[in-house]
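Observations on the model geometry
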Amino acid sequence: MKAATRTPKLDLLELLKEVVEIERETGLCAAFFKAAETQLAVLCEALTLTPSQTALFAVFLNESGGLAQTALAEALKCGRIESMRYYPDIKCLLRRRFIVQKDERYTDTRTWAVPFKMIEALSAGKVPRPASVKNLTLEKFFEVLDRLYACTAHGEKADPRRFAKLVSLNMRLGVCKRAAAFAPEDIYILLYFCRELVVNGTSRINAEQLRRFMKYTRPLSALKAAGTMRNGKHPLMESGLIEISGGGVLDDASLEYSLSSKAKDELLAGIEIYENDAETKKNFVKAKDIPARPLFYNDRENAQISELTELCKSGPFNKIRSRLTALNSSPGLACLFYGDPGTGKTATAYAIARAADRDIVEVNIAETKSMWFGKSEKLIKAVFDDYRQTVERRLMRGENEPVLLFNEADAIFSKRRNIGEDHSGPAQTENAMQNIILEEIEKLSGLLIATTNLTGNLDKAFERRFLYKIEFKKPDPAVRALIWMTHISDISHETAEVLAHTYDFSGGQIGNVARKSSIQFILHGKKPAFELLKRFCDEELLDTGRKPIGFAM
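Model, not experiment: these values are computed from the prediction.

This part is about the pattern of salt bridges. Scanning the entire structure with this criterion turns up 18 salt bridges. Of the charged contacts, one joins Arg388 and Glu440 as a salt bridge, the two residues approaching to 2.9 Å between their closest N and O atoms. You can see Arg388 sitting in helix H20 (residues 375-396) and its partner Glu440 sitting in helix H21 (residues 425-442), a full 52 residues away along the chain. We note a salt bridge from Glu539 to Lys516, for which the minimum N-O separation is 3.3 Å. Here Glu539 is found in helix H26 (residues 530-540), whereas its partner Lys516 is found in helix H25 (residues 507-524), with 23 residues between them in sequence. In this structure, a network of salt bridges that share partners links the residues Arg388, Glu439, Glu440 and Lys443.

Next comes the structure, spelled out in structure tokens:
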């Protein structure tokens, strides 16, 4: 039996290379088309392009960084006016995605480049054929939508008409029926809100993020959209589909927008949505909302905290991230604050976040524990999953990662139990939760701070996971005197010194006495005398039965 002959694989790249070499010698003229006739015949059939379109595509492919409009004439070896004859061919290549237009919003020119997907296909001897985007299911529609927005995020100029065209081809879908009533620029915005919720689980978009997103369209359209949305006059807002959901306390740039409940019902019925963005939850604290407050430390802690604060700022932290990534190490930073209650551990975590312009995601330990077997592990895993997704979205938007704060983490950062000695369900659950936390800290990609009072109960495995460990000791007498004078503004330096040397208080305990002093003034209209302050201090010691130290006045 005669063996079947196999058709040799078509080397499209080699043919395109030969076309470019001929074009370099002749330019795009009659002599070129005659000299490259053989190669063009094969390529035109494979690519389903005309000879001039095929030649232009070869030239664009040879320019790895893209070909600017101003350099087109030089590349084609012809005059500027003559090069304009090829603009219809360029439009065809753009329409069929053989080339894309890069984002050049600050110049009055165009730059065209071949997308990587096309290069990848040509390397395999294939030509990517665009899949049909007509009559899609709702899930497929959002997959296509996600790819379109991803192109703009990687520098391709956005054309709202492409999104309007996608809508017109899928009018069976509720989201498309509703969106079709708006102008292309408004469709572009509406679908972005829908995509962020369906694909990324993000229900809120702030004004700054919206501005950066809109910059990929025409600048005037972006400015107009920003102004009308700020005033609530945008067509999408007047239709009740987009609403202001928060922000705007300090400036308009902090305004937040989201899809309304009406929009979710009308546009996204039939698709499951997971709103897992930590920024929508009650445990999310904006850096700008963290109040400034004076904090005092002993010399050793002060040096450590100052260094950590600088490291957490975006510049140094990004350098650390890049360096650790290059070393195949976890790019995140895990810190442990430990020491006596009231020594400022939590306040310091908030102060660092404020100084480094980082929001805080505070973990409510009680909410991670459940009476149902297996639920606690899922809850603690969800904490890290939500945080990781938030970090990814922040980095994609060019924003700082938030701080993941485990406050008073003794309950879940404690020593793991020996299951052989304790067969109870709680013991197994706690060990499982701790193993999840240890694994997540290992691959952390952001900034984690844990605070604890019970360091003696901390598992050794956790100690190894924390790169920075800062012990918060009770303030020494000099620092205590400063705290007294800060909390009680009209106290004399002499009285502050006496109280500082008499009572070995933490900052939190001094704060309690100061609040009692304020209440006394409110009730009786006069500041408490020294003896009354002493009484308040003695009451603060009742829980432990400790005696005052030093001397009394």
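Across the sheet, three strands lie side by side as S1-S3-S2; this open sheet has antiparallel pairing. A single partner strand is all that each edge strand has here, and the edge strands are strand S1 (67-68) and strand S2 (100-101). Sheet analysis places S2 next to strand S3 (residues 111-113), joined by two bridges and oriented antiparallel. For Gln101, the partnering residue across the bridge sits in S3 and is Trp112.

Relative to the assigned elements, Gln304 resides in helix H17 (residues 299-312). It is 9.5 Å that separates the C-alpha atoms of Gln304 and Glu471, two residues lying 167 residues apart in sequence. Aside from chain neighbours lying at most four places away, what touches Gln304 is Lys469 and Ile470.

Looking now at the pairing of strand S8 (residues 333-339). Most of S8 is tucked away: six of the seven residues are buried. In this sheet, strand S11 (residues 447-452) lies alongside S8 in parallel orientation, the contact comprising six bridges. Bridge assignment links Cys335 to a residue of S11, and that residue is Ile449.

For the rest of this paragraph, the subject is the confidence of the model for the chain. Of all residues in the chain, 81% attain a pLDDT of 70 or more, and the chain-wide mean is 80. Mean pLDDT values for the elements of the chain range from 67 in helix H14 (residues 219-230) up to 93 in helix H19 (residues 345-355). Predicted confidence for residues 1-8 stays below pLDDT 50, and this span has zero contacts to residues more than four positions away or in other chains.

Locating Asp386 in the fold gives a position in helix H20. Placed 185 residues apart in sequence, Asp386 and Gly201 show a C-alpha to C-alpha distance of 9.7 Å.

It is worth spelling out helix H12 (residues 184-200) at this point. Taking 1.5 Å per residue as the helical rise, H12 with its 17 residues ought to reach 24 Å, and the 23 Å between its terminal C-alpha atoms agrees with that figure. Of all the 17 residues making up H12, 14 are buried; the element is thus mostly covered by neighbouring parts of the structure. The first or second residue beyond H12 is Gly201, which carries a positive phi of 70°.

Backbone geometry places Lys77, a non-glycine residue, at a positive phi of 55°. Along the polypeptide, Lys77 turns up in the loop between helix H5 (72-76) and helix H6 (80-83). Of note, the phi angle at Asp357 is positive, near 55°, even though the residue is not glycine. Structurally, Asp357 can be placed in the loop between H19 and strand S9 (360-363).

What follows concerns the sheet that holds S8. Note on sheets: strands pair through backbone hydrogen bonds, and any given pair is parallel or antiparallel. A sheet is described by the order of its strands in space; here six strands give the open sequence S7-S9-S10-S11-S8-S12, paired in mixed fashion. In the strand order of this sheet, the two ends are held by strand S7 (284-285) and strand S12 (468-472), each with one partner. The pairing of S7 with S9 spans two bridges and is classified as antiparallel. What sits directly across from Phe284, in S9, is Val361. Lying over the sheet, H17 contacts S8, S11 and S12, oriented at roughly 140° with respect to S12.

Now for the packing of H25 against H26. Put simply, H25 and H26 touch, their axes get as near as 10 Å, and they point 135° apart. In terms of orientation, H25 and H26 fall into the oblique class. Every pair of crossing elements has a handedness; the one defined by H25 and H26 is right-handed. Counted together, Gln509, Asn512, Val513, Lys516, Ser517 and Gln520 of H25 and Leu532, Leu533, Phe536, Cys537, Glu539 and Glu540 of H26 form the full contact between these two elements.

Turning our attention to the packing of helix H24 (residues 493-502) against H26. Direction vectors running N to C along H24 and H26 enclose 25°, while the axes themselves pass 12 Å from each other. It follows that H24 is roughly parallel to H26 by the angle criterion. In this structure, H24 crosses over H26, and the sense of that crossing is right-handed. When H24 is examined against H26, the residues Thr495, Val498 and Leu499 are found in contact with a partner set consisting of Phe530, Leu533 and Cys537.

To describe a pair of aromatic rings, one takes the distance between the centres and the angle between the planes. Following the criterion strictly, the structure yields ten aromatic pairs and no others. A ring pair is formed by Phe141 and Phe142, whose centres lie 5.5 Å apart and whose planes are at 85°; its orientation type is edge-to-face. Put simply, the rings of Phe60, Tyr87 and Trp112 pair up and form one aromatic cluster. The ring of Phe317 carries Arg358 above its face, with NZ or CZ at 4.6 Å from the centroid. The cationic tip of Lys527 hangs over the ring face of Phe521; the distance from NZ or CZ to the ring centre is 4.5 Å.

To continue, consider a negative patch on the surface. On the surface, a cluster of negative charge is made up of Asp11, Glu14, Glu21 and Glu25. With respect to the secondary-structure elements, Asp11 resides in the segment before helix H1 (12-26).

This brings us to H19. Within H19, burial applies to Lys345, Ala347, Thr348, Ala349, Tyr350, Ile352 and Ala353. Of the residues one or two after H19, Asp357 is the one with positive phi, at around 55°.

A few words now on the state of the cysteines. Scanning the model with the defined rule gives zero disulfides in all. The thiol sulfur of Cys29 is not disulfide-bonded, and the nearest other cysteine sulfur, from Cys78, lies at 9.6 Å. Judged by its relative accessible area of 31%, Cys29 is partly exposed.

Judged by nonpolar contacts, the single largest core of 48 residues is most densely connected at Phe337, Leu404, Phe406, Phe413, Leu448 and Phe466. Leave out the neighbours within four places in its chain, and Phe466 touches Ala334, Cys335, Leu336, Phe413, Ile441, Leu448 and Ala450.

Here we take up the environment of Gly507. Assignment of secondary structure puts Gly507 in helix H25. A C-alpha to C-alpha distance of 5.7 Å links Gly507 and Gly342, two positions 165 residues apart in sequence. Beyond its immediate chain neighbours, meaning those up to four positions away, Gly507 contacts Gly342, Pro475, Ile483 and His487.

Calculation criteria
Residues numbered from 1 in each chain as written. Predicted model: local features only at pLDDT ≥ 70, side-chain atom pairs only at ≥ 80, totals over all residues. Heavy atoms only, no water. Salt bridge = Lys/Arg side-chain N within 4 Å of Asp/Glu carboxyl O. Helix = DSSP H or I, 4+ residues; strand = E, 2+ residues; numbered from the N terminus. Pairing = 2+ DSSP bridges. Contact = heavy atoms within 4.5 Å. Buried < 20%, exposed > 50% of the residue type's maximum accessible area, 1.4 Å probe, protein only. pLDDT = per-residue confidence, 0-100. Expected span 1.5 Å × (residues − 1). Axes fitted to C-alpha atoms, helices over the stretch in contact; angles between N-to-C directions. Parallel < 35°, antiparallel > 145°, perpendicular 65-115°, else oblique. Left-handed = near helix turned anticlockwise from the far one by under 90°. Phe/Tyr/Trp six-rings, centres within 6.5 Å; stacked < 30°, edge-to-face > 60°. Lys NZ or Arg CZ within 6 Å of the ring centre and 35° of its normal. Patch = residues over 30% accessible without salt bridge, like charges linked within 9 Å, V, L, I, M, F, W, Y side chains within 5 Å. Areas by Shrake-Rupley, 256 points an atom, 1.4 Å probe, with all protein chains shown as cover. Lys, Arg positive; Asp, Glu negative; His and termini not counted. Charge placed at Lys NZ, Arg CZ, Asp CG, Glu CD. Disulfide = S-S within 2.5 Å. Core = buried A, V, L, I, M, F, W, Y, C linked by side-chain atoms within 4.5 Å.

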